[in-house]
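An overview of the molecular structure
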Amino acid sequence: MTPGRHPYLDHPSVLAFAHRGGAADGLENTAAAFRRAAAAGYRYFETDVHTTSDGRLVAFHDSTLDRVTDARGRIADLPWSEVREARVAGKEPLPLFEDLLAEFPEARWNVDCKAERALGPLLALLSRTGAWDRVCLGSFSEARVARAQRVAGPRLATSYGVAGVLSLRLRSLGVPAPLRAGAVCAQVPESQNGIRVVDRRFVAAAHARGLQVHVWTVNDPVRMDALLDMGVDGIMTDHIETLRTVLSGRGAWT
């Protein structure tokens, strides 16, 4: 564990992330899902952000409403007045990320910035609300998180994008590779396209550089235990009760 490098990581044990609030119940990225996770004792939440056509920052994974709501269309093409009428699983509205920050003042958020146009509004929101210590910015795009870090400086916690993770993996195998300075963690799947990403060498390489390793999205308790035995610092899960049970059994649920 490498607590203390950034206030976002200031936690005495393994970071347990409610992925999309705990997506297993079918209400992913809704205030209802995050309320349920908070009631279960979660402090760390994972979400995604997109912007509407009129610049509102929505907590939602997909670029379109089609998969999980009763509405249709690309969020970027629709005004907030329309997006707010959509219901996840026909039940729950999509929240603005600003409203989630306000409703859960003790929570810390891992935010995947899904689109370039969402980056400016997100950084502006963090500046306006002073929520720098509560958010870690991630993206598949290494260029996007690097750009955010240049703008915000060390007050913003960032993870690596795909290129950064690849460089760290190569370094773990003894292959020299450039690696962006300033990230606080590597957030990775166990494997990608059949290629193993997380093993003891990867975790050791990250820890040697003062980086935490957070693994997504892990729903099997056997895999949770195996990753914890490797020394990973955080796990993201759709099944929040399962992860809580595993961590409790190891004395790591706080």
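Look a little higher up for the structure.
Just so you know, these numbers come straight off a predicted model, no measurement behind them.

Within strand S2 (residues 44-51), eight of the eight residues are buried, leaving the element largely enclosed by the surrounding structure. Every second residue of S2 is oriented toward a common face, with Tyr44, Glu46, Asp48 and His50 on one face and Phe45, Thr47, Val49 and Thr51 on the other, all of them buried. For the crossover from strand S1 (residues 15-19) across helix H1 (residues 31-39) to S2, the handedness is right-handed. Two elements, S2 and strand S6 (residues 108-113), share six bridges in a ladder whose sense is parallel. Within the sheet, the bridge partner assigned to Asp48 lies in S6 and is Asp112. The pairing of S2 with strand S3 (residues 57-59) spans three bridges and is classified as antiparallel. Bridge pairing links His50 to Val58 in S3. Hairpin connection of S2 to S3: five residues between the antiparallel strands, including Gly55 at a positive phi of 85 degrees.

Reading the values: the criteria
Residues numbered from 1 in each chain as written. Predicted model: local features only at pLDDT ≥ 70, side-chain atom pairs only at ≥ 80, totals over all residues. Heavy atoms only, no water. Buried < 20%, exposed > 50% of the residue type's maximum accessible area, 1.4 Å probe, protein only. Helix = DSSP H or I, 4+ residues; strand = E, 2+ residues; numbered from the N terminus. Right-handed = clockwise from strand over helix to strand, strands pointing away. Pairing = 2+ DSSP bridges.

Remember that the coordinates give geometry; whether it matters functionally is a separate question.
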